[in-house]
Structures are given as C-alpha cells and as structure tokens.
Amino acid sequence: MYSSGTKVVLSLVSIFFLTVFAMEVSVILVYNTRLVRAKQSIIFACSELDMYFNALALMTANQFVQSVHMNSSYDLVSILTRENYARTSVIVDTTCEGAPSLLKEASANRYFNKTYQWLLWGVEMNINDLLPIELDYVGPNAQLTYVNKTKDDYFLWDVHSKGRQLKSPLELHLIAKLSTEPLKLVIINEIFDLQSIKYRSQFNGLTLRGASVIDQEDILTNQQIEAILSRPTKDAGVAAFIKYHYELLSLLRDLFNFTVNFRNSRGWAGRLGNTTFRLGLLGIIKRNEADIAASGAFNRINRFAEFDTIHQSWKFETAFLFRFTPDLDTHGKSGNFLAPFSRQVWLFTVATLIGINSIWLLLDYLSQRWHSQAMQCIEERFFNIRKRNRRSLSAHRAITKSHSNWTERILHTFGAVCQQGMEPIPSDMPSRSIVVTVFLFSVVMYNYYTSSVVGGLLSSSDLGPATVDEITNSPLKVSFEDIGYYKVLFKESSNPIVTRLISKKLSASRGPDEMGVYGHIEDAIPYLKRGGFAFHCEVVDAYPIIAELFDANEICDLREVSGLMEVEIMNWIVHKNSQYTELFKTAMCKAREVGLVERLLRQRQMKKPECQSLYTVYPVTISGVSSAFLTLLSGVLIALLALCFEIASKKWQIRR
C-alpha cells in the first residue's frame, strides 16, 4: 500500500496533468515498489514534467532517483556504472526521439543483464520495432519489462530471447495487469520467476556457435569435430580436458535443448605480431564469435577482464613419465659403497679409530715401561748385573717390542672393525678393554652399514631424477606430446629451466631409431618400456595405455617428474558479460550438486596404476661400487709405496 504522501502526489498528477504526461506515474511507482522492489531509479525521458513528477513520486516512496534528459548530451557509461548501492531500475520513455540510440548503446555495452531492471515504456509501439534484431544483446539473462496499454488497462510483459545474435525471436510473458481507475494491480506471474532459469531454460533446438581446439590437419566441418570429441578414447592432437569439457557441454545441451555448430582452432592462444589481436580459441571467444567452447583455459591474470568463468573442475597436470633404471640414480644411493654414511660420519669414524690406536699404543708404551722397570729391579736383586748394561739391554728390548707393536695394533684394530677377529689376543687388562670396545663399536656400525646397503637395494620409492633440472642433466632422451601448448611454451617462455631443457635435450639432432621431439603417446610406449626415455604429456592421457601395456614390474618402475608446467584448475570460459553466463553457471552448480560432474571426472581422470609387486631389486651399477674399487686401488698403491720405502731403508742401513 502507498503512504499518504504518495496518494496525494498521485491524485494531483491524475487530476491536473493526466493529458500532459507520456508515462503514467502510477505504473512507474507500482513497477518499482511492488514488482521489482528497487531502491534506486534512473529515468531517461524527454519531458521535463515526466521527469519531475515521476521523480517526486518515487522519492516520496523512499527511492533514490536520477533523471536524464535524452535530448541533452550524456555519457551512458558514466551513468550505468554497475556500482549501484542497491537494486536499480532503469526507466526509458521509448516514445522519445533519442530512445533507439540509447537502447543501441545499452545493447553494445551489455547492460541488458542481471545488473539492472529495465522498464521500456512502449505504449502504442510494437516490441519488434522497439527491440530490432540489430540489438543482439537481448538474451536469456535480460531483465526487460515492456509496458503497453489497452483502452483502460496497462499490461507489463517480461521480454527476452535465447540469442538475438542467432536470430532468435523475442519471447513475451505477461507479468501483471494494472488498472488506474480505480488503481488495481493483478499479478499474473512473479517477475523474478519469469527471469529465472525455470522459465528460460528451453532453447527449443536453437543452434549456438561453438568452438574447440583439435591440433590436426583438415578438421573443418562440424561433423568431423563432433566425431572426434565424442569418442571416449584418446585422439592425437586433442587434450584430455577438451573431451571432458565437451561432455560438460553435452550436459548443458541436453538440459537447455540446444545444438552447437562447432568451428575448430589449432591452438588456444597467441597474438598477431605485436598487436593486441588475439588468436586461437581465446581470440574467437573474445570477439564473441562463439557462444560456448568445448575447452578449458589456463588461469592468467590478464584474462579475467576479457572472459567470464562458468565452471572450474578439471585439474590440469602434466609430467615427465619414464621407467627407472639403475643408471638414473642421480642421488648416488643405489648400492653406493659409501652411501650409508655421510662424509662427516666417515671422517669421524676414521678419527675415532686413529684415537683408539693412539690410546692403545700409549697404553702399550706405559705397560712396557713399567715392565722394564720391574725387570730391572728383579735383575738387580737376583743376578747383580751391572746397571749400565742392564739398562742398555732393557731399552733395546723395549724399542724392538715397540717397533713390532705399532703395526700390529693398527692391523688388529682394522681387523676388529671388519669383524675378522684378532690373533693373538692381548693378555693385559687395558688392551683387552680396548679390544672389547672396538668389537662393540664394529658390531653397531657394521650392522647399520650392511642393513642400509640391503635396504637401499630393495627400496625404489625415491630413485631417479626428481626435478626438471635433474631430467635435463640425466642421460634420458626427452620427447613431448604433439599438442599446441608445448610449442607455445618453448617459443614464449623465458624460464631458465625451460631454456636449459631446450639447449641440452631438444636442440641436438636425433637418429632414425629415436623418437622425435614431438610425438603421440601410443608411439612413445615402446620407448618407455625400453628405458632411457622420458615423455612429457598430460598424465591422465597416459595412464590408461600404461595400465594396458605395462606389466607389473614395469608399472613399479614408472616414475613421474612434474614442474615444467603448473598444476592448476582450468576455467571453462565464455565471452565477458555473455548473455549465457549466469544461466550456464547456475546449471553447472546444479550438475555438481547432483554428482554429474564427479561422475565425469572419475571417468576421465584415471588414477595412476598401482604397483602390485612387493619389491624390486635393482642391480648395483659400476658407479655404486666405484668407491670400493678406488679404496682397493689406494691400498695397493700404499703397499707399493711401503715396499719401496722398506727397500730404500734397508739399502741405506746396509751402506751405513
């Protein structure tokens, strides 16, 4: 109901100015306050009295009002900023001379959408003349209300089409009937129901313009494109997410009852020279040459201003796939003689053994000295030998004993560490204490060492290159799936990782028995099974073929290295401010809620085949045991040097 102030205004208007106004104030007021329930109004009219009294009535009803005279100069973009504080209605007197240019500019700037509620005062005008076919942005998202009049009543109609750019006719549904004497409103259909997906989801077989990406020669017709995209198996030049988004498009096609006429593009993106003219699929959508695409697009900051996203669900994930072989152990852990201990542990162990030998020799020296002094006392007491000769004899024996002990002690310690025993066993208590300690030390270190070696040979979880740089420095031959985004990556990327990969792996010539830089997954399988080869592709494309052609051991040997391209959730895009954005976005939300999206993802995103083998034993390579042979060679060289030293020493003693 109206307030007392509003009733007074309406009464004055109807009594004194009824014949002067082009737009009936009561209709405007009913539309704003009872039908669309707006809080702000923008009035485009050519009569000052219309603007004055309609603004007065709306402000009396607590409305924010902005009036624009259509015969004066104005900037529509600065008026309709899409930043209104509340629900806003735009009221246009279509009887004015400037109305056609206003509606044309509003269509070109895509204002007939969910942002504004438009009221077109079309009394004594035909709707097809009011909204001709040239105004192509009158689609299923339009919020247009058309007003016409019979002798006594006004009728308000909801107006939309399924796509004027597709020559789709205008569709009218009656919202309400308004009688002015007496004032009576009869609502036939709720306006928000008529503007919802419930009433606008039937396209009646309309053919939308579609686009897709198939990187093949001579794919020109819609029948060819449909045949390729509808096949459940992998096709050359077709990314996995292309077929997934085609199936999502099929869901929309069945729900809204439309068909699609596809055009093909060989790539996704690109620009013409140094211009801003987009090429590929993104260029087609940006220029509004396609209403929907059977493809996803990567997330880029500069694309949010040019495209609308209607759905996100596909996880784009690529990786290098290769079969592990022992020569790819870039970390040096596969049977490496020194691998169980780090360099610091080896150095500390050697220092510990040197310290033990030094203590042992010190104890021997102290023990011999004590025994020597004891023997001197005994000899002085019982044999009465001259003191000088006894000291000389004892010193000679001690020196001889010491000379024979230090090499034996080193060999004893080394034998104990290697758990080879000790012969003869020392008889004194200090030496036996050291022997027990050395044996205990050797048991702990030896058991840990051998178990680490065996465990390293049986473990295969972290073997092989783990980054793109390690792939680049490995002996692996590298190839890529023959699809457009790799060519764009190698052409435009300035990433040093990509640059090194190109210079080391892709620039060299290849033999007739080797796979080229670009190829198909089916052709790469024999090379993957053989080993020494890495293939980069979207992993969900490779898993079904690998599960079919690889045996259990080969599946366990399979490795993945990602990082060349980002793992991201792809956007399903349409033209910016497309008339189908809200409609398709709502439908995809419902499809996700009922599980249709999850079902398609399970079908299209196959998991990696699981390793069924308990363990895999990899043979020790020459690089793994090279340190052992170097140790043996070093011992031989030390022995030869010792032999030479002894020979030289004996000759020197003989000459002396």
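Quick summary incoming for the structure in this document. (Residues numbered from 1 in each chain as written. Predicted model: local features only at pLDDT ≥ 70, side-chain atom pairs only at ≥ 80, totals over all residues. Heavy atoms only, no water.)

Considerations on the sheet that holds strand β7 (residues 171–180)
And step 1. Taken together, the eight strands give an open sheet; going across it, the order is β2-β1-β3-β4-β5-β6-β7-β8, and neighbouring strands pair in mixed fashion. Bordering the open sheet on either side are β2 (64–69) and β8 (183–187), each of which pairs with just one other strand. For this sheet, the mean inter-axis angle between neighbouring strands, taken without regard to orientation, is 20 degrees.
And step 2. With six bridges connecting them, strand β1 (residues 40–45) and β2 associate as parallel partners. Bridging across to β2, Ala45 finds its partner in His69.
And step 3. On the sheet, helix α2 (residues 25–35) packs against β1, β3 (88–93), β4 (116–121), β5 (144–149), β6 (153–160), β7 and β8 and is oriented at approximately 160 degrees with respect to β4. (Pairing = 2+ DSSP bridges. Helix = DSSP H or I, 4+ residues; strand = E, 2+ residues; numbered from the N terminus. Axes fitted to C-alpha atoms, helices over the stretch in contact; angles between N-to-C directions. Contact = heavy atoms within 4.5 Å.)

Here's the deal with the pairing of β1
And step 1. Counting buried positions along β1 yields six of six residues, so the element is predominantly enclosed.
And step 2. Across the two faces of β1 the burial is the same, with Gln40, Ile42 and Phe44 and Ser41, Ile43 and Ala45 all buried.
And step 3. Bridging between β1 and β3 involves five bridges; their strand directions are parallel. Each residue of the ladder has a partner; that of Ile42, found in β3, is Val90.
And step 4. The parallel pair β1 and β2 is bridged by helix α3 (residues 48–60), and the resulting crossover is right-handed. (Buried < 20%, exposed > 50% of the residue type's maximum accessible area, 1.4 Å probe, protein only. Right-handed = clockwise from strand over helix to strand, strands pointing away.)

A short note on the packing of aromatic side chains
And step 1. Applying the stated criterion to the full structure yields 28 aromatic pairs.
And step 2. Taking 5.8 Å as the distance between ring centres and 80 degrees as the angle between the ring planes, the aromatic pair formed by Phe241 and Phe316 counts as edge-to-face. Here Phe316 lies in strand β12 (residues 307–316) and Phe241 lies in helix α10 (residues 240–256), a separation of 75 residues in the sequence.
And step 3. A relative accessible area of 0% places Phe241 in the buried class.
And step 4. With a centroid separation of 6.4 Å and 25 degrees between ring planes, the pair formed by Phe533 and Phe535 is classed as stacked. Each member of the pair, Phe533 as well as Phe535, carries the same accessibility label: buried.
And step 5. Taken together, the ring pairs connect Phe241, Trp268, Phe298, Phe316, Phe320, Phe480, Tyr485, Tyr486, Phe490 and Tyr518 into an aromatic cluster.
And step 6. When the ring centre of Tyr518 is taken as origin, the NZ or CZ atom of Lys487, which lies over that ring, is 5.5 Å away.
And step 7. When the ring centre of Phe550 is taken as origin, the NZ or CZ atom of Lys529, which lies over that ring, is 5.2 Å away. (Phe/Tyr/Trp six-rings, centres within 6.5 Å; stacked < 30°, edge-to-face > 60°. Lys NZ or Arg CZ within 6 Å of the ring centre and 35° of its normal.)

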